[in-house]
Amino acid sequence: MKRQATTGDVWKTPTKIWNVMFISIFISNIGLNMGQQMSNSLLGVYAKSLNAPAVQIGQLMSAFAVTALIFHFISGPAMNTYNRKKLLIISMGFMAIAFLGFGFSPDIAQKFGMDPVQVMILFRLIQGVGNAFGNGCSLTIVTDMLPRKQFTTGMSYYACAQAISQAIGPTVGVFLRDLMGYHNTYIVFFFVMLGAMVLTMRVRTMPQKTIPFSLKLDNIIAKEAVALGCITLFMVIGYAAINSFLLVYAEEKHIAGGTLFFTVYAATLLLSRPIVGRLTDKYGFVQVAIPFLLMTVISLLLIGYSQKLWMLLLAAAANAFGFGAVQPMLQSLCMKAVPQERRGSASATNYIFMDIGTILGSNICGFVAEIYGYTEIMWNVMATSVLLGGVVIFLVRDKIVKIERQFIES
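Notes on the structure follow. The shown structure was predicted, so the numbers you read here are calculated from the model rather than taken from an experiment. (Residues numbered from 1 in each chain as written. Predicted model: local features only at pLDDT ≥ 70, side-chain atom pairs only at ≥ 80, totals over all residues. Heavy atoms only, no water.)

**Side note on unusual backbone geometry**
In this structure, asparagine 51 takes a positive phi of about 70° despite not being glycine. Phi is positive for histidine 254, close to 60°, though the residue is something other than glycine. Here histidine 254 lies in the loop between helix H7 (226-252) and helix H8 (260-283). (Helix = DSSP H or I, 4+ residues; strand = E, 2+ residues; numbered from the N terminus.)

This is the structure we're talking about:
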């Protein structure tokens, strides 16, 4: 594929995954996610150190998801109209401001006579806006940098940037906190995001077709990706239970070392995502996704019956080969389902369903736990949601095959 740029340059689609442009956006994405992972791992305990009650800490952490969801409805049309690289840089600027604000929240609160955690909530809202555009813009940019026959493999490698950040971000964040305190640590996070911005500025992007900015439904949501979004929704509902309740569940079962679940999960992603991506490019999404989706079901059931740490860690590895590997495949399919100029809508559609799944999953799991306690029943219910995702794959299998075939032939 070739496109004529306005400067007279000719864009040539790369013939290999690890090209200079892909490497640049890959490293930039590590910076983007590293800042988030380091920040998120500390924010709750930072607020607690400022004597915030549990309810206020919950408000602080959830504010991010709410604004991210709201602005995902705007980000899709914006990415279809405006320069995605510039939007990505601006979104990183929002995050940099948020990190700086977290560090100076006690000082700002003292100057204006406010509660410091209320100030942090305001900056958390700003972080959510940046996230709504940041990950979506980065996703749409990277899709132009991959050869079509290795598209899903490349997307899986790209998703490893997030896995690397998940694996080391929280540990680095705690190390810096212990070394220099919360204030200076968040200043470091600010400079990490500035570095990601500088690197993004050097990324060469594909000349972009644009469509007029509009908040019409068909520009906010890519109808071609709605069925794929439903699969994502059911899978995220299951995974949201892990993020929200795994550590609480481990404490209830007196299993020490529950935090290692996330370390093993993130480390295994570095292995699972490239493997599953290559299999998908070779055999197609439907044949690969269903057996690996069942790995997610097994992992949730295993958590419910875990009595020892090794059982939780086995569940973490299984989940990395399940949800962790299938998620970037679904993102890849969303991008394949639409023309290049509408990939902003497809990206936003994917993230909207993910946001809804996160909110629903946490609340459903909490509701079940309230009735049945922290027992295997809550994990069985979450596993049922993932199975529903498998049912949707089966029902729309012909459509998925058609999307993959048309993408290769176009």
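**A few points about helix H12 (residues 343-372)**
In a regular helix each residue adds 1.5 Å, so 30 residues correspond to 44 Å; H12 covers 43 Å between its end C-alpha atoms and thus fits that length. Taken from the residues just after H12, glycine 373 is the one with a positive phi, measuring 80°. (Expected span 1.5 Å × (residues − 1).)

**Topic: the packing of helix H9 (residues 285-304) against helix H10 (residues 309-321)**
Where H9 meets H10, the closest approach of the two axes is 7 Å, and the angle between their N-to-C directions is 160°. Our classification of the angle between H9 and H10 gives roughly antiparallel. Classified by chirality, the crossing of H10 by H9 is left-handed. Contacts between H9 and H10 involve Phe292, Met295, Thr296, Ser299, Leu302 and Ile303 from the first element and Met311, Leu312, Leu314, Ala315, Ala318, Asn319 and Phe321 from the second. Tallied by class, the residues present in the contact of H9 with H10 amount to ten nonpolar, three polar and no charged. (Axes fitted to C-alpha atoms, helices over the stretch in contact; angles between N-to-C directions. Parallel < 35°, antiparallel > 145°, perpendicular 65-115°, else oblique. Left-handed = near helix turned anticlockwise from the far one by under 90°. Contact = heavy atoms within 4.5 Å. Nonpolar A, V, L, I, M, F, W, Y, C, P; charged D, E, K, R; others polar.)

**Things to note about the pattern of salt bridges**
In the structure shown here, the tally under the stated rule is three salt bridges. A salt bridge links aspartate 178 to arginine 177; the nearest nitrogen and oxygen atoms lie 2.7 Å apart. Under the relative-accessibility criterion, arginine 177 is labelled partly exposed at 22%. Across the pair glutamate 224 and arginine 342 runs a salt bridge whose closest N-O atoms are separated by 2.7 Å. Taken as a pair, glutamate 224 in the loop between helix H6 (217-220) and H7 and arginine 342 in the loop between helix H11 (323-336) and H12 lie far apart in primary sequence, 118 residues in all. Glutamate 224 sits in the partly exposed class, given a relative accessible area of 22%. (Salt bridge = Lys/Arg side-chain N within 4 Å of Asp/Glu carboxyl O. Buried < 20%, exposed > 50% of the residue type's maximum accessible area, 1.4 Å probe, protein only.)

Geometry only, nothing functional implied.
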